[in-house]
Amino acid sequence: MLDDLVREIKTLQERLREHGDFLRNEGGQREARTRTTLINPLLKVLGWDPADPGLVTLEYRTDVGWADYALKSQGNQPSAVIEAKRLGTFVDNHLGQAVGYCIQQGIAYAGVTDGNHWQLYRTSNP
């Protein structure tokens, strides 16, 4: 699995070099493009295939909003939520959104990413 992860990271780095401007600057569905080209492939190699509803819930509803991804653990319960932003977004500004979803739902891990920068936190630790 580690070899697959390293290969995928190299592929994504190359994709960023070749298509980063397109993902950052073109109009319309920039977040969707980032999710499809950068975030989904990494989640898949980590064992959370976004195309499998048994592993990932896309647009996970909480009482305070919609998380982009809920990564499921045993028992079909989310163990993490990931908030996706378009490539080039300063992800620090959006961490509170993901953490808020987790605290409200009792989910252990929160993350936010623009496909290039990832921040992951254990919500039960300050």
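Up top you'll find the structure we're talking about.
Computed from a predicted model, the values in this text were never measured in an experiment. For every chain, the first residue of its written sequence is number 1, and the numbers climb from 1 along that sequence. Whole-chain, interface and lining totals are the exception, using all residues; otherwise, since this is a predicted model, local features are given only for residues with pLDDT of at least 70 and side-chain atom pairs are given and counted only at 80 or more. Only hydrogens and water are set aside when side-chain values are computed; all heavy atoms of the structure are taken into account.

**A word on the environment of Glu18**
Then, number 1: Numbering goes from the N terminus for both helices and strands, where a helix is a DSSP run of H or I of at least four residues and a strand is a run of E of at least two. For Glu18, the position within the fold is in helix H1 (residues 2-25).
Then, number 2: Each residue gets one of three labels from its accessible area relative to the maximum for its type: buried under 20%, exposed over 50%, partly exposed in between, using a 1.4 Å probe on protein chains only. Residue class for Glu18 comes out exposed when judged on its relative accessible area of 52%.
Then, number 3: The spacing of Glu18 and Leu42 is 24 residues in sequence and 17 Å in space, taken between C-alpha atoms.

**Quick word on the layout of surface pockets**
Then, number 1: The space that makes up the largest pocket amounts to roughly 170 Å³.
Then, number 2: Throughout, the protein atoms alone are placed on a 1 Å grid, and a set of points is a cavity if a 1.4 Å probe fits but cannot get out or a pocket if it is open with protein on both sides within 12 Å along at least five of seven lines; lining residues have an atom within 4 Å of a point. Forming the walls of the largest pocket are 13 residues, and the residues nearest its centre are Trp48, Leu71, Ala80, Ile82 and Leu120.
Then, number 3: Mapped by element, the contributors of at least two residues to the lining of the largest pocket are strand E3 (78-84), strand E4 (109-113) and strand E5 (118-122).
Then, number 4: Among the elements that take part in the lining of the largest pocket, E3 stands out by supplying four residues, more than any other.
Then, number 5: Taken together, the residues of the lining of the largest pocket sort by class into eleven nonpolar, two polar and no charged. Grid points are joined across faces, edges and corners, and a volume is the space filled by probe spheres set on the points. Polarity classes work like this: nonpolar for Ala, Val, Leu, Ile, Met, Phe, Trp, Tyr, Cys and Pro, charged for Asp, Glu, Lys and Arg, and polar for all others, with Gly in that last group.

**Observations regarding the sheet that holds E4**
Then, number 1: Strand order across the open sheet formed by five strands is E1-E2-E3-E4-E5, with mixed pairing between neighbours. Since the sheet does not close on itself, it has two edges, and those belong to strand E1 (56-62) and E5, each with one partner. The sheet shows a mean angle of 30° between the axes of neighbouring strands, direction not considered.
Then, number 2: Of the strand pairs in this sheet, E3 and E4 are connected by five bridges, and their pairing is parallel. Looking across to E4, one finds that Ile82 is bridged to Gly111.
Then, number 3: Its contacts with the sheet put helix H2 (residues 30-45) on E1, strand E2 (65-72), E3, E4 and E5, and the angle it makes with E2 is roughly 20°. For two strands to be treated as a pair, DSSP must find at least two bridges joining them. Every angle, taken between N-to-C directions, lies between 0 and 180 degrees, and every axis is a line fitted to C-alpha atoms, over only the stretch in contact when it is a helix. Residues are treated as being in contact if the distance between any of their heavy atoms lies within 4.5 Å.

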